[in-house]
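If you want the building blocks of each chain, they are given just below.
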Amino acid sequence: MATFRYWDVRGLAEPIHLLLSYLKVPYTEKFFPNLPFFIDGDVKIVQSTNIQSRQIKIIEMIGVINLFRIQIIRLFFNPDFKKLRENYFASNISGLIKKTVDFLGQKQFLLDSLTYANFIFYDTIILLFYLYPQSKCQALIDQAKRFENIDEIKQYAEIPHSQDKVFFYKIYASWSGPNSD
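Residues numbered from 1 in each chain as written. Predicted model: local features only at pLDDT ≥ 70, side-chain atom pairs only at ≥ 80, totals over all residues. Heavy atoms only, no water.

1. What to know about the overall build of the chain
Stated formally: Labels follow the DSSP assignment, with helices taken as runs of H or I lasting at least four residues and strands as runs of E lasting at least two, numbered in each case from the N terminus. Exposure is judged per residue with a 1.4 Å probe applied to protein chains only, and the accessible area is read against the type maximum: over 50% gives exposed, under 20% gives buried, and values in between give partly exposed. In short, Shrake-Rupley with a 1.4 Å probe defines the accessible areas, and a residue's cover is counted only from the protein chains shown. When charges are counted, neither His nor the chain ends are considered; positive counts come from Lys and Arg and negative counts from Asp and Glu. Just so you know, the charge point we use is NZ for Lys, CZ for Arg, CG for Asp and CD for Glu.
A tally of regular secondary structure across the chain gives seven helices and four strands. Start at the N end of the chain and walk to the C end: the helices and strands fall as β-α-β-β-β-α-α-α-α-α-α. If one aligns the C-alpha atoms of the chain with their principal axes, the spans along those axes are about 65 × 35 × 30 Å. Every one of the 181 residues in the chain was classed for burial, and the buried ones make up 38%. With an accessible surface of roughly 11200 Å², the chain has 56% of that area assigned to carbon and sulfur atoms. Positive and negative side-chain charges of the chain, numbering 21 and 18 respectively, have mean locations separated by a distance of 4 Å.

2. Here's the deal with the side chain of Thr124
Put simply, the rule is: Between N or O atoms, a polar contact is any pair within 3.5 Å; within protein, one atom must be a potential hydrogen donor and the other a potential acceptor, and residues adjacent in sequence are included only when both atoms are from side chains. Two residues qualify as a contact provided that any one of their heavy atoms is within 4.5 Å of a heavy atom in the partner residue.
With respect to the helices, strands and loops of the structure, Thr124 is situated in helix α4 (residues 116-131). By relative accessible area, which is 1% here, Thr124 ends up buried. Among the polar contacts listed, one links the side chain of Thr124 to the side chain of Arg69, at a separation of 3.3 Å. Excluding residues within four positions of it along the chain, Thr124 makes contact with Phe68, Arg69 and Ile72.

3. Some words on the packing of aromatic side chains
Here is the rule: Two rings belonging to Phe, Tyr or Trp (six-membered ring only in the last case) form a pair when the distance between their centres is within 6.5 Å. Interplanar angles under 30 degrees mark stacking, angles over 60 mark edge-to-face geometry, and anything in between is tilted.
This model, assessed by the stated rule, comprises six aromatic pairs. Aromatic pair Phe76 and Trp175: ring centres 4.8 Å apart, planes at 35 degrees, arrangement tilted. Placement of the pair is Phe76 in helix α2 (residues 48-77) and Trp175 in the segment after α7 (160-164), with a sequence separation of 99 residues. Residue Trp175 is classed as buried on the basis of its relative accessible area, which comes to 0%.

4. Things to note about the sheet that holds strand β3 (residues 37-40)
We count it as follows: At least two DSSP bridges between two strands are needed for those strands to be called paired. Here an axis means a line fitted to C-alpha atoms, over the contact stretch when the element is a helix, while the angle between two N-to-C directions is reported on a 0 to 180 degree scale.
With respect to topology, four strands assemble into an open sheet ordered β2-β1-β3-β4, the strand pairing being mixed. Only two strands of the sheet have a single neighbouring strand rather than two, namely β2 (27-31) and β4 (43-46). Shown here is a sheet whose adjacent strand axes are inclined to one another by a mean of 15 degrees, direction ignored. Of the strand pairs in this sheet, strand β1 (residues 2-6) and β2 are connected by five bridges, and their pairing is parallel. Considered in β2, the bridge of Phe4 is made with Glu29. In the packing of helix α1 (residues 14-23) onto the sheet, the strands contacted are β1, β2 and β3, and the crossing angle to β2 comes to about 165 degrees.

5. Structural notes on the side chain of Thr100
Relative to the helices and strands, Thr100 resides in helix α3 (residues 81-104). The buried category is assigned to Thr100, whose relative accessible area is 0%. Within polar-contact distance, the side chain of Thr100 engages the backbone oxygen of Leu96 at 2.7 Å. Residues contacting Thr100, with those up to four places away along its chain left out, are Met61, Val64, Ile65, Phe68 and Phe121.

6. Description of helix α5 (residues 138-148)
Quick reminder of the rule: Our arc is simply the arc of the directions from the helix axis toward the C-beta atoms.
Along α5, the positions that sit buried rather than exposed are Ala139, Leu140, Gln143, Ala144 and Phe147. End-on, the buried residues of α5 take up no more than an arc of 135 degrees, which puts them together on one face. Looking at the buried side of α5, the elements it contacts are α3, α4 and α6 (151-157).

7. Some remarks on the packing of α3 against α4
Spelled out, the test is: If an angle is under 35 degrees, it is roughly parallel; if it is over 145, roughly antiparallel; if it lies from 65 to 115, roughly perpendicular; otherwise it is oblique. In this scheme the crossing of two helices becomes right-handed for a clockwise turn of the near helix relative to the far one and left-handed for an anticlockwise turn of less than a right angle. Only Asp, Glu, Lys and Arg are considered charged in this grouping, and only Ala, Val, Leu, Ile, Met, Phe, Trp, Tyr, Cys and Pro are considered nonpolar; every other residue, Gly among them, is considered polar.
The geometry of α3 relative to α4 is characterised by a closest axis approach of 11 Å and an angle of 140 degrees between their N-to-C directions. The angle between α3 and α4 falls in the class oblique. Note on packing geometry: the crossing formed by α3 with α4 is left-handed. Facing α3, whose interface residues are Phe81, Arg85, Ile93, Ile97, Thr100 and Leu104, α4 presents Phe121, Leu128, Tyr130 and Leu131. Taken together, the residues that form the contact of α3 with α4 break down as eight nonpolar, one polar and one charged.

As structure tokens, this is what we get:
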């Protein structure tokens with residue numbers, strides 16, 4: 001759990017409190033007579049604008065993941081799916097993969113700890129791997145494996161129907177999953 005330190009006043013810290021609350025970042029607060037100070041695992045940040053910048057980068061990355069997912073899903077529903085598929089990777093997806101991999105670095109999960117964003121991210125990775133096998137890079141493979149190794153996720157994956165579902169109904173989507181090629 002993160003620790004946030006600042007004086008016992010609103011001061012420069014209130015926007016940070018609001019941002020942490022909005023992001024649902026669990027943290028404890030300790031009063032400290034100096035500049036705002038944020039500790040999250042190995043990350044130690046001093047100064048209010050630096051703390052806000054880090055949290056905003058997290059919000060931006062969630063936006064990138066959502067964009068990533070939307071780009072893939074739009075293609076599934078495009079009537080010209082087969083014509084667009086290969087060029088779509090180069091023009092829309094490969095840059096998002098690079099940006100995501102750069103953001104990940106050595107993180108265990110997308111946002112350092114398991115959050116809702118990881119559930120969306122995992123499903124996006126799986127869609128991507130089926131649609132574009134060339135997108136498999138070590139950083140994305142590692143993220144998927146870490147997620148799949150969560151006990152509750154393993155239990156869900158053992159339910160027979162969990163792996164048999166098509167991605168989308170064929171009557172609506174031009175591509176409904178790996179067996180639709």
